[in-house]
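Examination of the molecular architecture
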Amino acid sequence: MFEHPVNVRWRDVDALGHVNHAVFLTYLEEGRDAFYAQVLGDPVYVVVRIEIDLRAEVRYPDRKVTVRIEVERVGTTSLTTRETILTPGGKEAAHARVVSVRWDAGLGQPVPFSEAERAQLAAATTT
């Protein structure tokens, strides 16, 4: 399991006084980028599917949330993760399942994970 803190910014808050639902995707992306950078050293990927359940409000006074990333499945070029946004009190604000694909930006196409990358991701896989 990987965790990454994300600051709640004033611009994230909507007229109802809570973080807008669209911003939750940005928080997840920040956590995912940090995960890829730590585990693979290069966060080059594209998201091809995302499912998200919003479960609780995040408000500006919370100041910080934690994004938790858990590897569910490693494919040839794809990675499926379970991603959670936690409030400072540990309450689940959102839960997502994300499929991302390892990407070669120069070629504009998916590339397989190397054996070394697969081993690193396997070590991060939840059982």
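Remember, it's a predicted structure, so these values are computed and weren't measured experimentally.

The next thing to look at is the nonpolar core. Here is a general trend for soluble globular proteins: nonpolar side chains tend to be buried in one another's company. Tyr27, Phe35 and Ile85 are the most contacted members of the largest nonpolar core, which totals 28 residues. Put simply, the parts of the chain that give this core at least two residues each are strand 1 (2–7), helix 1 (21–40), strand 3 (64–74), strand 4 (78–86) and strand 5 (92–104). Of the residues forming this core, the biggest block, nine residues, is contributed by helix 1. Not counting chain neighbours up to four residues away, the residues in contact with Phe35 comprise Phe2, Leu40, Ile69, Val71, Leu79, Leu121 and Ala124.

Looking now at a nonpolar patch on the surface. Together, Leu25, Val47, Ile50, Ile52 and Leu54 give the surface a local cluster of nonpolar side chains, amounting to about 370 Å² of exposed area. A total of four residues in the nonpolar patch trace back to one element, the largest contributor, which is strand 2 (residues 45–54). Mapped onto the secondary structure, Leu25 falls in helix 1.

Moving on: the pattern of salt bridges. Inspection of every chain in the model, using the stated rule, returns 13 salt bridges. The partner of Asp53 in a salt bridge is Arg55, with the nearest N and O atoms 3.7 Å apart. Given a relative accessible area of 49%, Arg55 falls into the partly exposed group. Glu57 is paired through a salt bridge with Arg59; the nearest N and O atoms lie 3.4 Å apart. Assessed through its relative accessible area of 33%, Arg59 is described here as partly exposed.

Strand direction decides the pairing type here: strand 2 and strand 5, joined by nine bridges, are antiparallel. Paired with Asp53 across the bridge in strand 5 is His95. In this structure, strand 4 lies alongside strand 5, joined through nine bridges in antiparallel fashion. Following the sheet pairing, Thr84 is matched in strand 5 by His95.

In the structure shown here, the tally under the stated rule is five aromatic pairs. Relative to Phe35, the ring of Phe2 lies with its centre 5.7 Å away and its plane at 70 degrees, an arrangement referred to as edge-to-face. Here Phe35 lies in helix 1 and Phe2 lies in strand 1, a separation of 33 residues in the sequence. Between Trp10 and Tyr60, the ring centres sit 5.2 Å apart and the planes meet at 85 degrees, which makes this aromatic pair edge-to-face. One end of the pair, Trp10, is in the loop between strand 1 and helix 1; the other, Tyr60, is in the loop between strand 2 and strand 3, with 50 residues separating them in the sequence. Using a relative accessible area of 63% as the deciding quantity, one classes Trp10 as exposed. Of the residues examined, Tyr60 reaches a relative accessible area of 22% and is grouped as partly exposed. An aromatic cluster is present here, built from Phe2, Phe35, Tyr36 and Tyr45 joined pairwise through their rings.

Each value, and the rule that gives it
Residues numbered from 1 in each chain as written. Predicted model: local features only at pLDDT ≥ 70, side-chain atom pairs only at ≥ 80, totals over all residues. Heavy atoms only, no water. Core = buried A, V, L, I, M, F, W, Y, C linked by side-chain atoms within 4.5 Å. Buried < 20%, exposed > 50% of the residue type's maximum accessible area, 1.4 Å probe, protein only. Helix = DSSP H or I, 4+ residues; strand = E, 2+ residues; numbered from the N terminus. Contact = heavy atoms within 4.5 Å. Patch = residues over 30% accessible without salt bridge, like charges linked within 9 Å, V, L, I, M, F, W, Y side chains within 5 Å. Areas by Shrake-Rupley, 256 points an atom, 1.4 Å probe, with all protein chains shown as cover. Salt bridge = Lys/Arg side-chain N within 4 Å of Asp/Glu carboxyl O. Pairing = 2+ DSSP bridges. Phe/Tyr/Trp six-rings, centres within 6.5 Å; stacked < 30°, edge-to-face > 60°.

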